[in-house]
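Given next are the chains, with one letter for each unit.
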Amino acid sequence: AFARSSKLSKQKSPCKTFTLYLHDTLFNVTNAANATSTAITNATGISNFQFGTLIVFDDPLTLDQHILSSPVARAQGFFFYDMKTRYMLDYQGTLNLMGADLMDQKTRDISVVGGTGDFFMTRGIATLRTDTTQGFAYFRLKLNIKLYECYY
Amino acid sequence: AFARSSKLSKQKSPCKTFTLYLHDTLFNVTNAANATSTAITNATGISNFQFGTLIVFDDPLTLDQHILSSPVARAQGFFFYDMKTRYMLDYQGTLNLMGADLMDQKTRDISVVGGTGDFFMTRGIATLRTDTTQGFAYFRLKLNIKLYECYY
Amino acid sequence: AFARSSKLSKQKSPCKTFTLYLHDTLFNVTNAANATSTAITNATGISNFQFGTLIVFDDPLTLDQHILSSPVARAQGFFFYDMKTRYMLDYQGTLNLMGADLMDQKTRDISVVGGTGDFFMTRGIATLRTDTTQGFAYFRLKLNIKLYECYY
């Protein structure tokens with residue numbers, strides 16, 4: 001029978017692939033006409049890595065490296081600095097989570113919508129439970145992660 | 001023939017599962033060295049639920065409940081308070097939407113990238129149409145949601 | 001053999017479909033009780049299109065067009081203005097990317113979690129490489145996009 005969670009072969013190749021160059025010019029007070037990105041919040045000062053800065057961008061995408069080439073698409077969105085310090089963790093992969101944390105429920109599910117590395121292309125559900133909470137100072141969540149689509 | 005939208009069995013089990021504990025220590029002005037999360041916008045004052053507060057975090061993930069255990073991963077990202085008040089709605093599930101609302105087009109599609117509950121693991125497209133607009137005061141969108149991958 | 005990247009038929013129909021109306025009432029200083037959305041950052045002034053404004057919303061969803069109908073669900077989340085100006089690009093589709101840009105790695109992968117138009121329902125991986133960087137003024141990324149699930 002058809003099972004979405006079968007382990008698929010590691011050798012599978014993409015159905016579509018292409019390369020684009022993204023050009024990002026950060027707003028520096030004097031370049032409003034040319035800037036393609038700008039910070040909308042300030043860094044928080046609790047780290048040296050701009051922790052908390054949120055950047056909105058509308059960057060041209062070109063087929064070659066030249067910034068003046070005609071854009072074939074736009075990259076529009078935001079990124080932000082969420083690394084407080086450097087870590088010694090080995091990179092093995094990332095999981096991308098997204099969802100609504102309905103705090104009035106004892107457990108609540110959010111979605112795992114993608115992954116990289118060991119978690120290449122995965123999908124699943126993360127069940128969150130508040131394990132303990134100390135006022136606004138500290139909370140601990142128990143995350144139970146269940147992947148239902150695995151490539152590896 | 002192979003159909004992605006077949007109803008899959010409810011009994012299917014995960015291909016991978018694991019449990020992690022997330023430790024979040026909120027910045028409170030005096031704990032910059034230990035804090036792992038911080039608000040980067042202020043609550044808006046239109047609700048009692050911190051509506052509008054955006055929190056960036058870089059939280060350690062451990063295999064057990066102890067905050068001093070060696071982290072095996074980091075949870076990096078943001079969350080924000082988007083509940084204005086409490087509702088009487090029964091929880092049946094959530095849909096996770098993401099996309100570009102290209103407002104100069106009459107209808108535009110955004111992606112449904114996941115779901116929980118009745119919408120477990122779903123994917124699809126939401127077609128948005130601006131139904132009416134009253135200056136900056138009010139707008140109404142018509143959402144036509146089409147799910148192409150359903151587990152239930 | 002089962003291949004996730006097979007081209008699926010264009011004629012496939014949704015497994016579930018429904019229509020909802022979203023009502024958004026923007027906070028205008030005097031309507032705190034009724035407002036369902038509010039800006040949490042200011043526009044940045046580098047464009048005429050509110051570039052950089054981040055709006056948090058908690059909007060009722062109804063089955064018909066009447067704002068006073070009983071809500072059957074809530075749309076909770078945020079949107080922001082990320083279009084700096086108008087473009088002449090033909091719309092052919094969008095890709096939705098999400099992930100962690102681990103800048104200390106030479107190349108890093110982020111997830112393509114969905115798409116619209118020519119990229120209907122696609123999934124894949126975008127490999128990012130910093131191609132050049134000029135202080136904080138400019139950077140260029142090389143994006144290699146590999147789609148492993150294609151409907152078209």
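Just so it is clear, the model here is predicted, and its values are computed rather than measured.

Draft legend 1. Fine view of the nonpolar core. Of all hydrophobic cores here, the largest spans 21 residues; its most connected members are Leu54(A), Leu54(B) and Leu54(C). What Leu54(C) contacts, discounting residues up to four positions off in sequence, is Ile40(A), Leu54(A), Leu54(B), Thr38(C), Ala39(C), Ile40(C), Thr41(C), Phe78(C), Phe79(C) and Phe80(C).

Draft legend 2. Representation of the relation of the copies chain B and chain A in the model. Of the transformation superimposing chain B on chain A, the axial component is 0.0 Å and the angular component is 120 degrees, with the fit at an RMSD of 0.0 Å. The operation mapping one copy onto its partner corresponds to a three-fold rotation axis. Across chain B, the rotation axis passes nearest the C-alpha of Val113(B), at a separation of 3.6 Å.

Draft legend 3. Looking closely at empty space enclosed by the protein. Within this structure, the stated rule accounts for 4 cavities of 30 Å³ or more. Counting residues per element, the ones that place at least two in the lining of the largest cavity are β3 (54–62) and β4 (73–80) of chain A, β3 (54–62) and β4 (73–80) of chain B together with β3 (54–62) and β4 (73–80) of chain C. Taken together, the residues that form the lining of the largest cavity break down as 15 nonpolar, no polar and no charged.

Draft legend 4. Quick peek at the interface of chain B and chain A. Each partner contributes to the interface: chain B provides 60 residues, whereas chain A provides 52 residues. Buried surface at the junction of chain B and chain A, both sides included, amounts to about 4,700 Å², of which 63% is carbon and sulfur. Sorting the residues of chain B by area buried against chain A places Cys15(B), Lys16(B) and Phe18(B) first, and these three jointly supply 13% of that buried surface. The tally of links from chain B across to chain A stands at 20 residue pairs in polar contact (both at pLDDT 80 or more). Listing elements by their share of the side of chain B that touches chain A, those giving two or more residues are β1 (16–25), β2 (37–39), β3, β4, β5 (93–98) and β6 (107–117) of chain B. Sort the elements by how many residues they give to the side of chain B that touches chain A and β1(B) lands first, with 10 residues.

Thresholds applied
Note on numbering: residues in each chain are counted from 1, in written sequence order. Chains and ligands are labelled by the order in which they are written, letters from A for the one and numbers from 1 for the other. Predicted model: local features are reported for residues with pLDDT of at least 70 only, side-chain atom pairs are reported and counted for 80 or more only, and whole-chain, interface and lining totals are derived from all residues. Think of the side-chain values as coming from all heavy atoms in the structure, minus any hydrogens and water. By nonpolar core is meant a set of buried Ala, Val, Leu, Ile, Met, Phe, Trp, Tyr and Cys residues that side-chain atoms within 4.5 Å join together. Think of it in three bands: residues with accessible area under 20% of the maximum for their type are buried, residues over 50% are exposed, and the middle band is partly exposed, with areas taken using a 1.4 Å probe on protein chains only. Note on definitions: a residue-residue contact is assigned when non-hydrogen atoms from the two residues lie within 4.5 Å. Fitting of the copies onto one another was done by least squares over C-alpha atoms, counting residues only where both copies have pLDDT of at least 70. Using a grid of 1 Å spacing that covers the protein atoms alone, one calls a set of points a cavity when a 1.4 Å probe fits there but cannot get out, and a pocket when the set is open and has protein on both sides within 12 Å along at least five of seven lines; lining residues are those with an atom within 4 Å of a point. Grid points are joined across faces, edges and corners, and a volume is the space filled by probe spheres set on the points. A run of DSSP states H or I qualifies as a helix once it reaches four residues; a run of E qualifies as a strand once it reaches two. Both are numbered from the N-terminal end. Think of it as three bins: nonpolar holds Ala, Val, Leu, Ile, Met, Phe, Trp, Tyr, Cys and Pro, charged holds Asp, Glu, Lys and Arg, and polar takes everything else, Gly as well. For any pair of parts, buried area is found by adding up, for both, the accessible area (1.4 Å probe) each one loses once the two are put together. In protein, a polar contact means a hydrogen-donor-capable atom and an acceptor-capable atom, both N or O and within 3.5 Å, with residues adjacent in sequence counting only if both atoms are side-chain atoms; elsewhere, any N or O pair within 3.5 Å suffices.

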